[in-house]
Amino acid sequence: MASRRLRMGLIGGGPGSFIGPVHRLAAEMDREIELVAGAFSSSAEKSRAAGESYRIDPLRAYPDIATMIAQEAAREDGIDFVAITTPNHMHLPAAKAALEAGLPVICDKPATTTLAQAHELAAIVEKAGKPFALTYTYSGYPLVREARARVAAGALGAIRKVVVEYPQGWLAKPDTGKQAEWRGDPSRSGIGGCVADIGVHAFHLAEFVTGLKVTQILADLGTVVLGRLVDDDCQILLRFENGARGALLASQISVGERNGLTIRIYGEKAGLRWRQEEPNQLWLFHENGRSELVQAGDPDLGPDAQWASRTPGGHPEGYLEAFANLYRDFARLLRGEDGALIPGIADGLRGMALIETAVHASAQGAGWVDFTV
């Protein structure tokens, strides 16, 4: 593997997919990886059509996962790993098939559709002894990694308050289109809607940057659009292991919002703010009232942020580059190199625990509940 590009097999990503092509672009950006095969759809015809659109060998656009794994294993140039980009209900069976065949896996979030399935997957990962990663995309941004490093170095002092919000407006009306359809179907998305789709991103970002674990939550989840079967608006209060308090706001019915993921962290000495829609700026607020702007490409960024940056300052990098950083981290992992910050099965377990705990606690009006995995 050290002297060639890693060969990827894609599961999902067929016609109409949003995230499948994103995975492909991200994986190939740094020429560490190439897409060579796939089981792109449960329909053999659609899988062939996707293979054509991805410009791969037509014989390597397979009708199903089992056929891909078996035929790729028989090739000298067979795939090195699989990427899973299906709706949530297929994550466990696809990952299980790949891992039990000896193939590493990188999977879109959340890990599975239930916490019980996530524990099952964790046991499969442990038994297989192969890398398993999840694409919590926002942990790939250079300035998110810079924020994490500065918090760990004590630049903010002891953390007191964490506020993370993720407003979107694209589901403010009844579901239309493939992407909305499966997200609103509990048989495919799981019991969580907004909390599973974007709430887990906000939750992971809060724990990733602060380095702190959430220990208790108070959840208020709502379904605003009439007839929708899962939540589309969420408010969750958080308590962290060091005693810090926090709030997580996630909504997909906030009219006019696009992808407004924002995190604010306040410590005893300073605070910080990062916005996904302005990803190349990290604001630090000092106790003497001074505001400091840290920008992508700055020469004094830490090693994690510098490694995640590709261009000089003033040349914006965004979502695709952050996604590509996770694939670069995954390639590092497969090549046995140090330094990968990519999320894994432990993050997947915590994400699924958030979904189930929040949904059940909100439905029961349970108030504060302990957060356990």
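Being a predicted model, the structure only gives us computed values, none of them experimental.

A. Structural detail: the packing of helix α4 (residues 91-100) against helix α5 (residues 115-128). Closest axis-to-axis distance for the α4/α5 pair is 10 Å, and the angle between their directions is 10 degrees. What the angle tells us is that α4 and α5 run roughly parallel. Contacts from Leu92, Ala95, Lys96, Leu99 and Glu100 in α4 reach Gln117, Glu120, Leu121, Ile124, Val125 and Ala128 in α5. Each residue belonging to the contact of α4 with α5 can be placed in one class, and the counts come to seven nonpolar, one polar and three charged.

B. Seen up close, the nonpolar core. Formed by 88 residues in total, the largest nonpolar core has its most connected members in Phe132 and Ile236. The contact partners of isoleucine 236, leaving out residues within four places of it in the chain, are Val195, Ile217, Leu218, Ala219, Leu221, Gly246, Ala247, Leu248, Leu354 and Ala358. By size, the runner-up hydrophobic cluster in this structure holds 26 residues, among which are Ile19, Ala133, Ala331 and Ile342.

C. Inspection of the pattern of salt bridges at higher detail. Using the criterion set out here, one finds 23 salt bridges in the structure. With a shortest N-O distance of 2.9 Å, arginine 24 and glutamate 28 are connected by a salt bridge. One end of the pair is arginine 24 and the other is glutamate 28, both in helix α1 (residues 19-28) and four residues apart, which spans about a single turn. Two residues, arginine 310 and aspartate 30, come together in a salt bridge whose shortest N-O distance is 2.7 Å. Here arginine 310 is found in the loop between α10 (303-307) and α11 (319-334), whereas its partner aspartate 30 is found in the loop between α1 and β2 (33-39), with 280 residues between them in sequence. Judged by its relative accessible area of 24%, aspartate 30 falls in the partly exposed class. Linked through salt bridges whose partners overlap, the residues forming this network are Asp30, Arg310, Glu317 and Arg328.

Rules and cut-offs
- Residues numbered from 1 in each chain as written.
- Predicted model: local features only at pLDDT ≥ 70, side-chain atom pairs only at ≥ 80, totals over all residues.
- Heavy atoms only, no water.
- Axes fitted to C-alpha atoms, helices over the stretch in contact; angles between N-to-C directions.
- Helix = DSSP H or I, 4+ residues; strand = E, 2+ residues; numbered from the N terminus.
- Parallel < 35°, antiparallel > 145°, perpendicular 65-115°, else oblique.
- Contact = heavy atoms within 4.5 Å.
- Nonpolar A, V, L, I, M, F, W, Y, C, P; charged D, E, K, R; others polar.
- Core = buried A, V, L, I, M, F, W, Y, C linked by side-chain atoms within 4.5 Å.
- Buried < 20%, exposed > 50% of the residue type's maximum accessible area, 1.4 Å probe, protein only.
- Salt bridge = Lys/Arg side-chain N within 4 Å of Asp/Glu carboxyl O.

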